[in-house]
Amino acid sequence: MYEELKGLANSDIYPFHMPGHKRQPSKSIFDAAFSFDITEIDGFDNMHHPEAIIKELQERMAEVFHADEAAILVNGSSSGILTAISAAVKKNGKIIMARNSHKSAYNAAYLRNLEISFIYPEFIGEYAMNGGIEQWEVRRAIEENPDAEAVFITSPTYEGVVSDIEGIAEICHEHGLPLIVDAAHGAHFGLNAAFDEAYGTKASGSIADISIISLHKTLPVFTQTAALLSSGNLTDRRRLKEFYSIYQTSSPSYLFMAGIDNCLRLLETEGEESFKGLMENIALLRSEDYTNIKFIGREIRGNNGVYGLDESKLPVSAKGMTGRELYDILRDRYRLQGEMATMNYCLLMTSFMDTKEGFERLRSALREIDTEIDLSIAGKNPETGDAFRTLASDRGKEIFRNKAALRLEEAIDAE
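**What to know about the overall build of the chain**
Then step 1. When helices and strands are tallied, the chain shows 15 helices and 15 strands.
Then step 2. Computed over its C-alpha atoms, the radius of gyration of the chain comes to 23 Å, within 12% of the 22 Å expected for a compact globule of 415 residues.
Then step 3. A principal-axis box enclosing the C-alpha atoms of the chain has dimensions of 70 × 55 × 45 Å.
Then step 4. Within the chain, contacts between residues at least 6 apart in sequence are counted, and of these 71% link residues at least 24 apart.

Put into structure tokens, the structure is as follows:
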């Protein structure tokens, strides 16, 4: 696709078609992008009925991401989650869903008027952080809800916690239920054997019946690009395609699709070396001898449903500080923009596109912060630092396991 678009941009074909920029420069930084931005014209296939270059791209995606079939998502993983749940569960039906699901899963349940039976991730009290989904929790939910039509979980989580999706899939399949995995943060799983072995990560494409991966979260592609993967024989592919067309725009971005094509090419030519460099940078950063700075790491594996941990995600805490305070210091003083912050930690996200210089800037900043922390302030504020961790540890399950008072649509539709 990338080569075809480049050929079109260099050709003498004049565009009497959308979009309105007509592939002409607009005296902006977007000039190069405009030359690749087209609509569905002759020779460039149709994302909603692919037969040529888009079909070929999706077949390559399926192979790379270990699935039977793959579909491009240009509306982000949210559109894939809406598609998967809508296709797997009949309107007014029931779904078993992890409580820590993305809001798009709740949107799908609302739109389809679904009854939800919640399963809860385990709780890592020290950090007030969700762990993984235990197999026994899934089995219990299925046995207590024989009318459920699908199971939906998130793995990996935002912080990189990986559940045993292989074991969970076996339990689902014993009962004839499809497993849907929101693997938005795990698009890079399965692309490098050394990475997966080191961190206990697994690609969901070949294990789950339907999985959704956000390519843009961890791979070098444009924001908003993702993939819907399906495998096995428990998925109704016809319904999946129907809802896919409902939730996808009728004007897909060829820039987005060409970006995916270019990403696959990069993985094929430089992927192994790039992952090796990422792992070396992660190991060097995490091995630093800090006194008051701590990375949440592989010590949490094997407990609280944590099967594996993607250590390219960097949840980091500082003694005596909230996660937000650390986040602000990194951004304001050191010009290092984190992903997000919680009470206990801030989350920094990496990929194999990060530079060695970027990692070194982070190491240097954390070393400085580490030496400046005044240990005497730790625990003074009952809502920060170790005092909060103790509170969360003691009351974690009481706080985070709730009883539904209303069905979802009743709550959303109420005044």
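Once you've had a look at it, read on.
**A closer look at the layout of surface pockets**
Then step 1. The computed volume of the largest pocket comes to approximately 720 Å³.
Then step 2. Forming the walls of the largest pocket are 35 residues, and the residues nearest its centre are Asn100, Ser101, His102, Asn130 and Tyr158.
Then step 3. At the level of elements, helix 4 (76-88), strand 5 (129-130), helix 9 (215-218) and helix 14 (385-400) are the ones that each hand at least two residues to the lining of the largest pocket.
Then step 4. Looking at the lining of the largest pocket element by element, the count peaks at 4 residues for helix 4.

**Comments concerning the pairing of strand 8 (residues 179-182)**
Then step 1. Of the two faces of strand 8, the one lined by Leu179 and Val181 and the one lined by Ile180 and Asp182 are each fully buried.
Then step 2. Across 4 bridges, strand 6 (residues 151-154) lies against strand 8 in parallel orientation. Paired with isoleucine 153 across the two strands is valine 181, which belongs to strand 8.
Then step 3. Strand direction decides the pairing type here: strand 8 and strand 9 (residues 210-213), joined by 3 bridges, are parallel.

**Thoughts on helix 10 (residues 237-247)**
Count 3.6 residues to each turn of an α-helix, and residues three or four apart come out pointing the same way.
Then step 1. Buried within helix 10 we find Arg237, Arg239, Leu240, Phe243, Tyr244 and Tyr247. Buried residues in helix 10, looked at end-on, bunch into an arc of 155°, giving them a common side. Turned more than 90 degrees away from the buried face of helix 10 sit Lys241 and Ile246, all of them exposed.
Then step 2. Where helix 10 is buried, its residues touch helix 3 (53-64), strand 1 (69-73), helix 4, helix 5 (103-111), strand 9 and strand 10 (226-230).
Then step 3. By the N-cap criterion, in which a side-chain oxygen at the helix start approaches the backbone nitrogen of a residue two or three places on, helix 10 is capped by aspartate 236, the distance to arginine 238 being 3.1 Å.

**A look at the packing of helix 1 (residues 2-9) against helix 11 (residues 254-286)**
Then step 1. Between helix 1 and helix 11, whose axes approach to 8 Å, the crossing angle comes to 125°. Of the possible angle classes, the one that applies to helix 1 and helix 11 is oblique. Packed against helix 1, whose contacting residues are Tyr2, Glu3 and Leu5, the element helix 11 presents Tyr254, Ala258, Asp261 and Arg265 at the interface.
Then step 2. Along the lines of polarity and charge, the residues of the contact of helix 1 with helix 11 split into 4 nonpolar, no polar and 3 charged.

**Structural notes on the side chain of histidine 188**
Then step 1. Looking at the secondary structure, you find histidine 188 in the loop between strand 8 and helix 8 (193-199).
Then step 2. Classification of histidine 188 by relative accessible area gives buried; the value is 3%.
Then step 3. The residues touching histidine 188, leaving out its near neighbours within four places in the chain, are Phe195, Thr218, Leu219, Phe275, Asp310, Ser312 and Lys313.

**Observations concerning the sheet that holds strand 15 (residues 346-349)**
Then step 1. Strand order in the open sheet made by the 4 strands is 11-13-15-14, with antiparallel pairing throughout. Looking at which strands have only one partner, the edges of the open sheet turn out to be strand 11 (293-295) and strand 14 (340-341).
Then step 2. Inspection of the sheet shows strand 13 (residues 313-318) paired to strand 15 by 4 bridges, in the antiparallel sense. Across the sheet, the residue bridging to leucine 314 is leucine 348, located in strand 15.
Then step 3. On top of the sheet, helix 11 reaches strand 11 and strand 13; it is set at about 10° to strand 13, its chief contact.
Then step 4. Across the sheet, helix 12 (residues 323-332) touches strand 13, strand 14 and strand 15, and the angle it forms with strand 15 is around 45°.

**Here's the deal with the packing of aromatic side chains**
Then step 1. Within this structure, the stated rule accounts for 9 aromatic pairs.
Then step 2. A ring pair is formed by phenylalanine 243 and tyrosine 247, whose centres lie 6.4 Å apart and whose planes are at 20°; its orientation type is stacked. One end of the pair, phenylalanine 243, and the other, tyrosine 247, are both in helix 10, 4 residues apart, so they sit about a helical turn from each other.
Then step 3. Under the relative-accessibility criterion, tyrosine 247 is labelled buried at 17%.

**A short note on the nonpolar core**
Then step 1. Residues Met61, Ile72, Ile153 and Leu330 are the most contacted members of the largest nonpolar core, which totals 115 residues.
Then step 2. With 14 residues, helix 11 is the largest single contributor of residues to this core.
Then step 3. Formed by 11 residues, the second largest nonpolar core is a distinct cluster that contains Tyr127, Val161, Ile296 and Leu347.

What counts and how
- Residues numbered from 1 in each chain as written.
- Predicted model: local features only at pLDDT ≥ 70, side-chain atom pairs only at ≥ 80, totals over all residues.
- Heavy atoms only, no water.
- Helix = DSSP H or I, 4+ residues; strand = E, 2+ residues; numbered from the N terminus.
- Rg over C-alpha atoms; globule rule 2.2 N^0.38 Å.
- Contact = heavy atoms within 4.5 Å.
- 1 Å grid on protein atoms, 1.4 Å probe; cavity = no way out; pocket = protein on both sides within 12 Å on 5 of 7 lines; lining within 4 Å.
- Points joined across faces, edges and corners; volume = space filled by probe spheres on them.
- Buried < 20%, exposed > 50% of the residue type's maximum accessible area, 1.4 Å probe, protein only.
- Pairing = 2+ DSSP bridges.
- Arc of directions from axis to C-beta.
- Polar contact = N/O pair within 3.5 Å; in protein donor to acceptor, adjacent residues only side chain to side chain.
- Axes fitted to C-alpha atoms, helices over the stretch in contact; angles between N-to-C directions.
- Parallel < 35°, antiparallel > 145°, perpendicular 65-115°, else oblique.
- Nonpolar A, V, L, I, M, F, W, Y, C, P; charged D, E, K, R; others polar.
- Phe/Tyr/Trp six-rings, centres within 6.5 Å; stacked < 30°, edge-to-face > 60°.
- Core = buried A, V, L, I, M, F, W, Y, C linked by side-chain atoms within 4.5 Å.

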